[in-house]
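Fold and geometry: a report
Take a look at the letters that make up each chain.
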Amino acid sequence: MLRPTLKVSIPHFVADGAVHFRVSGTLTSLEDPDGRVLALLRLMDGNRDPDAICRALQDEFPDVTAGEVAQAVRDLDDCGLIQDASDTGSDFDAASAERWAPNFGFFETYASTSVSKYEFQRRMRDCKVAVIGVGGVGTHLLLDLVAIGFTDITIVDFDRVELSNLNRQVLYGEPFLGQHKVHIAADRARALNSSITLRVEQSRIMSADDAYRVVSDRDIVVCSADGPKLDIPHWVNEACVRAGAAMISGGVDTQRSLLYTVVPGISGCVECWYDQVQEADPVSRMVASELRAIEARGDKFGEDTAAFNGLVVLNAAHTIGEVVRLASRVSAPLSVGRLLEMTFQDPQLTVTETLKRLPDCRICRSAAPRPALEWLAASPLPVPF
């Protein structure tokens, strides 16, 4: 039974014959010349259903009808000012309720009479995530995932801590030089939340089958590994398509940050994108060929000599935002089927390419998303900015 209540996170003020709500710095005002709006709002305390609210309001304003109260509830819901108090979040124990209280306050601003603030957190809690590569972006991302409420995480890395990592890979430090990153990262994650389920893979992904072994039961996979540079996006893409998992990837390229998301059955995949670019752009074909030659010689790619923490942090922030949107469904993701870019000198996201789905793609032509991602098929993606 619906029990509408005002949102604590959205304060309201009474002045000049109106009730004013401050929503993320914007005022929404409801005219209230005779005080009945304020009386209605005070009755929305989470203890009454709409019929009980109407009866109580009629004690002061006898002309109010049940239809008017029902319409007022719908209007307030449409304005994002109320929520349903029926969901009390009783499945969160006392420690979890305290830990996630600020999250509940944030999600409350998106809640409605149909989706509670607790439901958004549940969806994150129950989502299965993998982070492939706990280097620059991966170290920031892992801590953020744990801090924000993801509790089932797989991490994969094979590398050891080097001194040059310490300008941006914030999980490590001088005492850990020479040690395997993945185990240090796991310890740091568990120190932040000892109750998480954390699967640790100290291995290097060298094929689509290697990747599938890691992601086969995951809902969302963040590929932040940097090698083998030319192959790992294709391998992880193929594995995620087979698993129906969303793949978020990108990274930092000297002065710019890149981010894109593949959702099987919803967007094009890396193979679709690569084939289209290679066919349409001879310069891209030439660059790809030269990069293959550099990799075959074992030389270092020029762009890999630069990695600045300011851009790493921005990339990780946008990535965690996309993981939260995909998992919680609090709003539509921005990067599904799109390459988003920003630069250090102009940190504004722009859409620079789209991942159009090829109907005959050898990787994703018969792909379908996992159940946790099926909502994207019915949810229009935002208009490119």
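This structure is a prediction, so every number in the text was calculated from the model and none was measured.

When helices and strands are counted, the protein shows 13 helices and 13 strands. By the burial criterion, 48% of the 385 residues in the protein qualify as buried. Here the analysis covers contacts within the protein between residues at least 6 apart in sequence; of these, 65% occur between residues at least 24 apart.

Moving on to the pattern of salt bridges. Any two side chains of opposite charge can pair, so long as their charged atoms come close to each other. Overall, the coordinates contain 22 salt bridges when judged by the stated rule. Notably, a salt bridge pairs Arg123 with Glu119, separated by 3.4 Å at the nearest N-O pair. Linking Arg123 with Glu119, this pair stays in helix H6 (residues 117–126), spanning four residues, or about one helical turn. For Glu119, a relative accessible area of 26% puts it in the partly exposed group. Between Lys181 and Asp159 there is a salt bridge; the shortest N-O distance is 3.9 Å. One end of the pair, Lys181, is in helix H8 (residues 181–192); the other, Asp159, is in the loop between strand S7 (152–157) and H8, with 22 residues separating them in the sequence. Residue class for Lys181 comes out buried when judged on its relative accessible area of 3%. Put simply, Asp87, Asp91, Glu119, Arg122, Arg123, Arg125 and Asp126 are held in one network by salt bridges that share partners.

The subject of this paragraph is the nonpolar core. Note that soluble globular proteins tend to have their nonpolar side chains buried in a common cluster. If you look at the biggest cluster of nonpolar residues, it comprises 44 residues, and the most contacted ones within it are Leu142, Leu145, Phe150, Ile153, Ile155, Ile220 and Leu326. Sort the elements by how many residues they give to this core and helix H13 (residues 309–328) lands first, with six residues. Ignoring anything within four residues of it in the chain, the contact list for Leu145 reads Val129, Val131, Phe150, Ile153, Ile320 and Val323. Within the second largest apolar cluster, 32 residues are counted, among which are Cys223, Ala239, Leu258 and Val262.

Moving on to unusual backbone geometry. Positive phi is not limited to glycine here, since Ser24 has a value of about 50°. By secondary structure assignment, the location of Ser24 is in the loop between strand S3 (18–23) and strand S4 (26–31).

Once that is clear, we can look at the sheet that holds S3. Judged by pairing direction, the sheet is antiparallel, and its three strands sit side by side in the order S2-S3-S4 without closing on themselves. Each having just a single partner strand, strand S2 (12–15) and S4 make up the two edges of the open sheet. With strand direction ignored, the average angle separating the axes of adjacent strands in the sheet is 25°. Two elements, S2 and S3, share four bridges in a ladder whose sense is antiparallel. Bridge assignment links Val14 to a residue of S3, and that residue is Val19. On top of the sheet, helix H1 (residues 36–43) reaches S2, S3 and S4; it is set at about 50° to S3, its chief contact.

Bridge analysis of strand S12 (residues 338–343) against strand S13 (residues 350–354) gives four bridges, and the strand direction is antiparallel. For Arg338, the partnering residue across the bridge sits in S13 and is Thr354.

Here the focus is the pairing of strand S6 (residues 128–132). Burial of S6 is extensive: four of the five residues sit out of reach of the surface. Bridging between S6 and S7 involves five bridges; their strand directions are parallel. Bridging across to S7, Lys128 finds its partner in Asp152. Remark: the S6/helix H7 (residues 136–148)/S7 crossover connection has right-handed handedness. Sheet analysis places S6 next to strand S9 (residues 220–223), joined by four bridges and oriented parallel. Bridging from a neighbouring strand, Ala130 pairs with Val221 of S9.

Taken in spatial order, the eight strands of this open sheet run S8-S7-S6-S9-S10-S11-S12-S13, and their pairing is mixed. Strands with a single pairing partner mark the edges of an open sheet, and in this sheet they are strand S8 (197–202) and S13. Adjacent strand axes in the sheet meet at a mean angle of 20° when their direction is disregarded. In this sheet, S12 lies alongside strand S11 (residues 256–262) in antiparallel orientation, the contact comprising five bridges. When the sheet's bridge partners are listed, Arg256 is paired in S12 with Thr343. Lying over the sheet, H8 contacts S7 and S8, oriented at roughly 170° with respect to S8.

About the criteria used
- Residues numbered from 1 in each chain as written.
- Predicted model: local features only at pLDDT ≥ 70, side-chain atom pairs only at ≥ 80, totals over all residues.
- Heavy atoms only, no water.
- Helix = DSSP H or I, 4+ residues; strand = E, 2+ residues; numbered from the N terminus.
- Buried < 20%, exposed > 50% of the residue type's maximum accessible area, 1.4 Å probe, protein only.
- Contact = heavy atoms within 4.5 Å.
- Salt bridge = Lys/Arg side-chain N within 4 Å of Asp/Glu carboxyl O.
- Core = buried A, V, L, I, M, F, W, Y, C linked by side-chain atoms within 4.5 Å.
- Pairing = 2+ DSSP bridges.
- Axes fitted to C-alpha atoms, helices over the stretch in contact; angles between N-to-C directions.
- Right-handed = clockwise from strand over helix to strand, strands pointing away.

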